[in-house]
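Descriptive structure summary
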Amino acid sequence: MTDFTPDVELEENEPAVSEYTTESAAAPADGGEVRRPSASAPGAATGRRKQAIARVRIVPGAGEWKINGRTLEEYFPNKVHQQIVNEPLKVLELDGAYDVLVRVHGGGASGQAGAVRLGVARSLNGVDADLNRPALKKAGFLTRDARVPERKKAGLKKARKAPQYSKR
C-alpha cells in the first residue's frame, strides 16, 4: 500500500498522520506493541436467553453474587434458578473462588437465570479457555439456546392464537 499525505505544511510538533493517510494511525510512535481492546475483558461476557440479556463480570474473590445490586438469594428467590445460575461454577469446582457481578434485563425469571448461566460460563471460558472449556462444553453451558418468542401476526391475538370462530 502507498502512503498518501496531502500537500500541507506541518508545524514542528504536529504529527504527520492525517485523515487522508492510509497508514495505520493506531501504531505507537515508540515502536511498541499495539494493544487493542478486546471485545470484552477476560472475565466479562454476555449471556442471552429468550428476551433476557445478562452482562456478567467475574473477579477473583470470596464467591459473592451481585445481580442488579442485589444478592443472589434476593434476586432469584427460587432455588431452581439459583441452582441454574451456579451450575458452571459447580461443574468446574470453582464455587466460592470468584465474585460474580451481573447486570440483567428483559424477559422473566427463567430466561434471566439462563442468560446469567450462559454469561458466567462464557466469562469462565474467557479466563482460562484451555482449562475450563472442555468441561463447560461437555455440560452444554457454552451453547446459546436460540429459541425466542415468535412475533405476533396481524389479525391474530398472539403469534398463532386466532380469535374464536363463529359460524353465525
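Residues numbered from 1 in each chain as written. Predicted model: local features only at pLDDT ≥ 70, side-chain atom pairs only at ≥ 80, totals over all residues. Heavy atoms only, no water.

**Focus: the pattern of salt bridges**
- What the rule picks out here adds up to six salt bridges.
- The salt bridge partner of arginine 117 is glutamate 87, with a shortest N-O separation of 2.7 Å. You can see arginine 117 sitting in helix H3 (residues 109–127) and its partner glutamate 87 sitting in helix H2 (residues 79–91), a full 30 residues away along the chain.
- We classify arginine 117 as partly exposed; its relative accessible area is 25%.
- Of the residues examined, glutamate 87 reaches a relative accessible area of 24% and is grouped as partly exposed.
- When the shortest N-O distance is used, the salt bridge between lysine 153 and glutamate 150 registers 2.8 Å.
- Here lysine 153 falls in the partly exposed class, since its relative accessible area comes to 23%.
- In the salt-bridge network here, residues are joined through shared partners; they are Arg49, Asp145 and Arg147. (Salt bridge = Lys/Arg side-chain N within 4 Å of Asp/Glu carboxyl O. Helix = DSSP H or I, 4+ residues; strand = E, 2+ residues; numbered from the N terminus. Buried < 20%, exposed > 50% of the residue type's maximum accessible area, 1.4 Å probe, protein only.)

**Quick word on the confidence of the model for the chain**
- Overall, the prediction assigns the chain a mean pLDDT of 83, with 76% of residues at 70 or greater.
- With pLDDT under 50 throughout, residues 18–25 is counted as low confidence; its partners more than four residues away or in other chains account for 13 contacts. (pLDDT = per-residue confidence, 0-100. Contact = heavy atoms within 4.5 Å.)

**A short note on the pairing of strand S2 (residues 52–60)**
- Where strand S1 (residues 44–49) lies against S2, six bridges are found, and the strand directions are antiparallel. Within S2, the position partnered with glycine 47 by the bridge is alanine 54.
- Adjacent in sequence and paired antiparallel, S1 and S2 are bridged by two residues, among which lysine 50 carries a positive phi angle near 55 degrees.
- Bridge analysis of S2 against strand S4 (residues 98–105) gives eight bridges, and the strand direction is antiparallel. Bridge pairing links proline 60 to tyrosine 98 in S4. (Pairing = 2+ DSSP bridges.)

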